[in-house]
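Topology and contacts: notes
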Protein chains: 2
Amino acid sequence: MAARHEEIAEELRQAIDREDYTVGSLLPAETELAAHYGVSRGTVRQAVAALTAEGLIGSRQGARRVVLAGRRSQSFTELCSFAQWAHTMGREASGHVLSSAYRPATPEDSARLQLPPGAPVLHILRVRGLDGERVLLERTVYAHWIAPAVERIEPGCPSVTQRLYEDEGLVFAYGEHLIDAVAAGAQDAELLGVRRTSPLLRVRRVTTTREGRPVEWSDDRYRSDAVSFSVHNSTGINALARKTGPAVS
Amino acid sequence: MAARHEEIAEELRQAIDREDYTVGSLLPAETELAAHYGVSRGTVRQAVAALTAEGLIGSRQGARRVVLAGRRSQSFTELCSFAQWAHTMGREASGHVLSSAYRPATPEDSARLQLPPGAPVLHILRVRGLDGERVLLERTVYAHWIAPAVERIEPGCPSVTQRLYEDEGLVFAYGEHLIDAVAAGAQDAELLGVRRTSPLLRVRRVTTTREGRPVEWSDDRYRSDAVSFSVHNSTGINALARKTGPAVS
DNA sequence: TCCGGCTACTTGTCTGAACAAGTTGGGCCT
DNA sequence: AGGCCCAACTTGTTCAGACAAGTAGCCGGA
């Protein structure tokens with residue numbers, strides 16, 4: 001937290017959280033904030049841009065910024081590991097590896113992980129819990145260049161992401177997530193302790209290093225009674241497109 | 001598309017889509033792009049910041065930017081109506097109102113829509129289709145100040161959002177979405193044409209005007225075999241936090 | 001050969017300024 | 001009273017420059 005604009009963003013977040021600015025009220029003007037914090041307008045703009053991206057405040061040309069949301073939930077647009085996520089909610093994450101095996105990469109594997117076809121990839125089946133209750137079933141495929149480090153981790157490690165950072169300096173920086181719902185199969189039901197055909201929230205994801213190199217891809221199934229995701233969004237430039245663009249069917 | 005930085009962002013998006021820059025390759029340096037487009041570095045930075053937010057490219061201090069994703073899917077972080085969404089996928093949206101009734105606002109309604117308790121709110125039950133196939137069941141509650149305009153819309157209108165813009169100049173600018181999975185109930189099953197207990201993707205959302213005024217909130221249930229959502233994300237400052245912060249359990 | 005440091009390059013941060021474009025509210029005119 | 005217009009305010013866009021901080025590749029020494 002060295003950058004001044006991040007400090008200011010954090011102060012504003014806390015002020016909103018404290019309800020110094022209530023939902024629906026207006027933020028001070030950029031020039032006022034700039035004078036208050038003793039920085040230039042550009043720096044203030046960087047700070048409020050962050051809050052806008054998070055969906056905390058709304059922005060339009062000519063009008064003061066408005067506070068949209070108060071309590072800040074763990075948003076999906078912030079990538080973090082299961083253990084981190086649990087931590088921010090004040091709960092304790094656990095994990096347990098059920099199976100671990102090398103197989104040659106299928107065409108799907110090599111496409112997603114940008115590997116040559118047939119390269120050995122590590123398949124891991126892992127159950128994860130929140131405060132001891134099983135909530136998530138992970139079927140993960142790791143690229144061969146990280147697989148040995150993954151194998152070295154003990155089966156009950158609560159945060160694989162954390163361990164890979166500590167041991168290898170590997171940071172999971174980017175993710176793409178595909179979300180849908182599926183019915184629990186026989187294996188899902190048994191391992192998660194739910195009835196067959198129970199609805200599960202499925203997240204298929206690919207995770208990438210800071211260099212843009214894919215590390216793993218995974219099929220994660222969450223017990224929908226225990227977990228849900230939140231997403232903030234906005235039209236951005238789309239409002240303009242809707243004004244001038246062709247009619248939408 | 002007046003702003004120069006948006007034009008540049010769009011050109012870069014198309015270049016990535018055309019695979020002038022393939023996935024995993026490096027983008028030109030900011031100074032090169034600035035010289036190429038004849039703008040200052042700040043303008044280029046705005047353009048690439050947009051692509052970074054969309055998850056198309058990755059960025060780290062000291063190293064050139066890297067292309068992360070190629071084909072651009074309809075991301076969840078772009079708020080758009082069901083009809084717009086269908087349009088971008090080249091499919092045709094339809095809609096049909098099944099019931100419409102005023103009720104006094106429950107405490108939940110008044111909290112979500114920022115209305116006085118007991119204000120009349122309009123409940124609408126609507127089935128929506130993609131190319132004629134039923135895929136979505138919407139249970140929406142509209143605030144009293146927009147309800148008359150909603151009632152005036154014919155029951156078969158494919159895009160309520162579009163109509164509210166045309167008739168009232170109302171733009172849905174911000175949204176908050178809560179995503180989970182549920183089993184289809186009796187009514188869900190009948191209206192969507194699926195078996196009871198089929199998994200459905202549920203999205204509970206609140207939509208807000210540009211001024212930050214809540215317009216509607218809705219419980220949307222999607223047939224999970226027909227629809228899925230995608231989300232890009234990144235660690236942002238979290239990579240730093242992970243370095244210096246306390247151990248994560 | 002391998003490891004170290006050094007250097008050139010690249011992105012991140014911040015400033016101060018100027019103008020464009022949109023919003024809001026008050027005052028004036030009808 | 002109602003409606004219109006304008007003026008003050010606010011955010012959006014863009015520029016040019018300076019320095020900080022991190023990366024990657026080159027080169028030399030052990």
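No experiment lies behind these values; they were computed from the predicted model shown.

What follows is about the overall build of chain A. The helix and strand inventory of chain A stands at nine helices and nine strands. Judged by the C-alpha coordinates and their principal axes, chain A covers about 60 × 45 × 40 Å. The long-range fraction of contacts in chain A, counting pairs at least 24 apart against all pairs at least 6 apart in sequence, stands at 58%. Carbon and sulfur atoms form 49% of the exposed surface of chain A, whose accessible area is close to 11,600 Å².

So, on to the interface of chain A and chain B. Each partner contributes residues to the interface: chain A has 62 residues there, and chain B has 63 residues. Counting each side, the surface lost to burial between chain A and chain B is near 5,900 Å², with a carbon and sulfur contribution of 54%. The interface formed by chain A and chain B contains two salt bridges. Linking Glu211 of chain B and Arg60 of chain A is a salt bridge whose minimum nitrogen-to-oxygen distance equals 3.4 Å. At the boundary of chain A and chain B, one finds 12 residue pairs in polar contact (both at pLDDT 80 or more). Here the side of chain A that touches chain B takes 10 residues from strand 6 (residues 174-183) of chain A, the largest share from any one element. Considered class by class, the residues forming the side of chain A that touches chain B number 30 nonpolar, 23 polar and nine charged. Bridge count between strand 6 of chain A and strand 9 (residues 229-234) of chain B: six bridges; the pairing is antiparallel.

Turning our attention to the confidence of the model for chain A. All names here are of chain A. Summarising the model, chain A shows a mean pLDDT of 88, and 92% of its residues fall at 70 or more. The least confident element of chain A, judged by mean pLDDT, is helix 9 (residues 238-244) at 36; the most confident is helix 8 (residues 186-192) at 97. For the stretch residues 237-249, pLDDT sits under 50, and the model shows 25 contacts to residues farther than four places along the chain or on other chains.

Residues and elements named next belong to chain B. Running from N to C, helix 1 (residues 4-17) and helix 3 (residues 41-54) point in directions that differ by 50 degrees, and their axes come no closer than 8 Å. Put simply, helix 1 runs oblique to helix 3. Crossing hand, helix 1 versus helix 3: right-handed. Here Arg4, His5, Ile8, Ala9, Leu12, Arg13 and Ile16 of helix 1 lie close against helix 3, whose contacting residues are Thr43, Gln46, Ala47, Val48, Leu51 and Glu54. Of the residues belonging to the contact of helix 1 with helix 3, the class tally is seven nonpolar, three polar and three charged.

Moving on, we come to the relation of the copies chain A and chain B. For the pair chain A and chain B, the relating rotation is 180 degrees, the translation along its axis is 0.0 Å, and the fit reaches an RMSD of 0.1 Å. One copy is carried onto the other by what is essentially a two-fold rotation axis. For chain A, the minimum C-alpha distance to the rotation axis belongs to Pro199 of chain A and amounts to 2.3 Å. A share of 100% of interface residues in chain A that are also interface residues in chain B marks the association as one of identical surfaces.

Bringing the nonpolar core into the picture now. In this structure, Ile179, Tyr222 and Phe229 of chain A together with Ile179 and Tyr222 of chain B are the most contacted members of the largest nonpolar core, which totals 34 residues. For Ile179 of chain B, the residues in contact, after removing those within four places along its chain, are Ile179, Leu201, Ser228, Phe229 and Val231 of chain A together with Phe76, Leu201, Arg202 and Val203 of chain B.

We now examine the packing of helix 2 (residues 30-37) of chain A against helix 3 (residues 41-54) of chain A. Residues and elements named next belong to chain A. With their axes 9 Å apart at the nearest point, helix 2 and helix 3 run at an angle of 105 degrees to one another. When the interaxial angle is binned, helix 2 and helix 3 end up roughly perpendicular. The segment helix 2 lies against helix 3, with Glu30, Thr31, Leu33 and Ala34 engaging Arg41, Val44 and Arg45. Here the residues of the contact of helix 2 with helix 3 sort into three nonpolar, one polar and three charged.

Turning next to the protein's contact with DNA strand C. In the neighbourhood of DNA strand C, 23 residues make up the surrounding shell, with Arg4, Ser40 and Thr43 of chain A together with Arg41 and Arg45 of chain B lying closest. When atoms of DNA strand C within 4 Å of the protein are split into backbone and base, the sugar-phosphate part holds 73%. Separating a phosphate oxygen of DNA strand C from a side-chain N or O atom of Ser59 of chain B is a distance of 3.2 Å. Contact between DNA strand C and Gly62 of chain B: a sugar or linking oxygen at 3.4 Å from a main-chain N or O atom of the residue.

The full set close to DNA strand D counts 24 residues, and Glu30 and Arg41 of chain A together with Arg4, Thr43 and Arg60 of chain B are the nearest of them. When the atoms of DNA strand D within 4 Å of the protein are grouped by moiety, sugar and phosphate amount to 72% of the total. At a separation of 2.8 Å, a phosphate oxygen of DNA strand D approaches a polar backbone atom of Glu30 of chain A. Taken together, the residues that form the surface near DNA strand D break down as six nonpolar, nine polar and nine charged.

Residues and elements named next belong to chain A. With respect to the helices, strands and loops of the structure, Arg126 is situated in strand 4 (residues 120-130). For Arg126, a relative accessible area of 4% gives the class buried. For Arg126, the side chain forms a polar contact with the side chain of Tyr142, separated by 3.4 Å. Ignoring sequence-local partners within four residues, the contact set of Arg126 consists of His96, Val97, Leu136, Leu137, Glu138, Thr140, Tyr142 and Val160.

A few words now on unusual backbone geometry. Residue and element names in this part refer to chain B. The phi dihedral of Asp131 is positive, around 55 degrees, even though this residue is not glycine. If you trace the backbone, Asp131 turns up in the loop between strand 4 (120-130) and strand 5 (133-142). Classification of Asp131 as partly exposed rests on a relative accessible area of 48%. Even without being a glycine, Thr197 presents a positive backbone phi close to 70 degrees. What makes Thr197 partly exposed here is its relative accessible area of 35%.

Conventions used here
- Residues numbered from 1 in each chain as written.
- Chains lettered and ligands numbered in written order.
- Predicted model: local features only at pLDDT ≥ 70, side-chain atom pairs only at ≥ 80, totals over all residues.
- Heavy atoms only, no water.
- Helix = DSSP H or I, 4+ residues; strand = E, 2+ residues; numbered from the N terminus.
- Contact = heavy atoms within 4.5 Å.
- Areas by Shrake-Rupley, 256 points an atom, 1.4 Å probe, with all protein chains shown as cover.
- Buried area = accessible area lost by both parts, 1.4 Å probe.
- Salt bridge = Lys/Arg side-chain N within 4 Å of Asp/Glu carboxyl O.
- Polar contact = N/O pair within 3.5 Å; in protein donor to acceptor, adjacent residues only side chain to side chain.
- Nonpolar A, V, L, I, M, F, W, Y, C, P; charged D, E, K, R; others polar.
- Pairing = 2+ DSSP bridges.
- pLDDT = per-residue confidence, 0-100.
- Axes fitted to C-alpha atoms, helices over the stretch in contact; angles between N-to-C directions.
- Parallel < 35°, antiparallel > 145°, perpendicular 65-115°, else oblique.
- Left-handed = near helix turned anticlockwise from the far one by under 90°.
- Least-squares fit on C-alpha atoms with pLDDT ≥ 70 in both.
- Core = buried A, V, L, I, M, F, W, Y, C linked by side-chain atoms within 4.5 Å.
- Buried < 20%, exposed > 50% of the residue type's maximum accessible area, 1.4 Å probe, protein only.
- Near = heavy atom within 4 Å.

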